[in-house]
Amino acid sequence: MPALLLLLLAGLTAVNAVTAQAGCLHAAREAALAAARGGDGSAAAGRAAPPGASVTVSVDGNRVQATVRAPVRTLGGRLPRVTVVATAVAAVEPGAAEGSW
């Protein structure tokens, strides 16, 4: 019985991590696209990111890279947190306001 409980907790934690990973990927895409168009990528990611996520947007020449990191709480209270990371890259669109990132 304890082995089944451990297996159940591991499975639920994995589902929780995959869900957070999908949210991070969505937020990173939104941030990269918004920044590539000259908007505020961090604000765009903040609306789509999972709770507690941190967003980094950087511009390198004609490329925008957005990275979103989010902690995932494991279902066992004494286990360490897992951090999921997603990165998205977009090309800066012509005519985007220079330096608005």
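Please refer to the structure placed before this passage.
Here the structure is a predicted model, which means the values were calculated and not measured.

**Q** So what's going on with the pattern of salt bridges? Which residues, and what values?
**A** If you walk through the whole model with that rule in mind, you get one salt bridge. Where R37 meets E93, a salt bridge forms, and the shortest distance between an N and an O atom there is 3.5 Å. On the criterion of sequence distance, the pair formed by R37 in the loop between α1 (2-36) and α2 (41-48) and E93 in the segment after β3 (82-91) is long-range, its members being 56 residues apart. The class for R37 is exposed, based on a relative accessible area of 53%.

**Q** Before we move on, could you go through the packing of α1 against α2 and cite the residues and values that matter?
**A** Between α1 and α2, the least distance of the axes is 7 Å, while the angle of their chain directions is 155 degrees. Classified by the interaxial angle, the pair formed by α1 and α2 is roughly antiparallel. As α1 runs across α2, the sense of the crossing is right-handed. Across the interface between the two elements, G23, H26, A27, E30, A31, A34 and A35 from α1 touch G41, A44, A45 and A48 from α2. Among the residues making up the contact of α1 with α2, the classes are represented as seven nonpolar, three polar and one charged.

**Q** Outline α1, supporting the account with residue identities and numerical values.
**A** Helix length check: α1, at 35 residues, gives a terminal C-alpha distance of 51 Å against a target of 51 Å (1.5 Å per residue), a fit within 8%. The set of residues buried in α1 consists of T13, A17, A20, G23, C24, A27, A28, A31, A32, A34, A35 and A36. At its buried positions, α1 is contacted by α2, β1 (54-60), β2 (63-72) and β3.

**Q** Residue-level account of the pairing of β1, with values.
**A** Sheet topology places β1 next to β2; seven bridges connect them, and they run antiparallel. Paired with T56 across the bridge in β2 is T67. Taking the residues that link successive antiparallel strands as the turn, the β1-β2 hairpin has two residues, and the phi of G61 there is positive, at about 70 degrees.

The rules we used
All residue numbers refer to positions counted from 1 along the written sequence of the respective chain. At least 70 in pLDDT is required for a residue's local features to be given in this predicted model, at least 80 for side-chain atom pairs to be given and counted, and no such filter applies to totals for whole chains, interfaces and linings, which use all residues. Note: side-chain values were computed over all heavy atoms of the structure, leaving out hydrogens and water. A carboxyl oxygen of Asp or Glu within 4 Å of a side-chain nitrogen of Lys or Arg is what we treat as a salt bridge. Numbered from the N terminus, helices here are DSSP runs of H or I no shorter than four residues, and strands are runs of E no shorter than two. Only protein chains enter the accessibility calculation, which uses a 1.4 Å probe. A residue is then buried if its area is under 20% of the maximum for its type, exposed if over 50%, and partly exposed in between. Axis definition: a line fitted to C-alpha atoms, over the contacting stretch in the case of helices. Angles run 0 to 180 degrees between N-to-C directions. Any angle from 65 to 115 degrees is called roughly perpendicular, while one under 35 is roughly parallel, one over 145 is roughly antiparallel, and all others are oblique. Note on convention: the crossing is left-handed when the near helix lies turned anticlockwise from the far helix by less than a right angle, right-handed when the turn is clockwise. Contact between two residues is taken to exist if any of their heavy atoms lie within 4.5 Å; hydrogens are not considered. Under the convention adopted here, Pro, Cys and the residues Ala, Val, Leu, Ile, Met, Phe, Trp and Tyr are nonpolar, Asp, Glu, Lys and Arg are charged, and Gly plus all remaining residues are polar. Expected helix span is given by 1.5 Å per residue-to-residue step, counting one fewer step than there are residues. For two strands to be treated as a pair, DSSP must find at least two bridges joining them.

Just distances and angles here, no functional claims.
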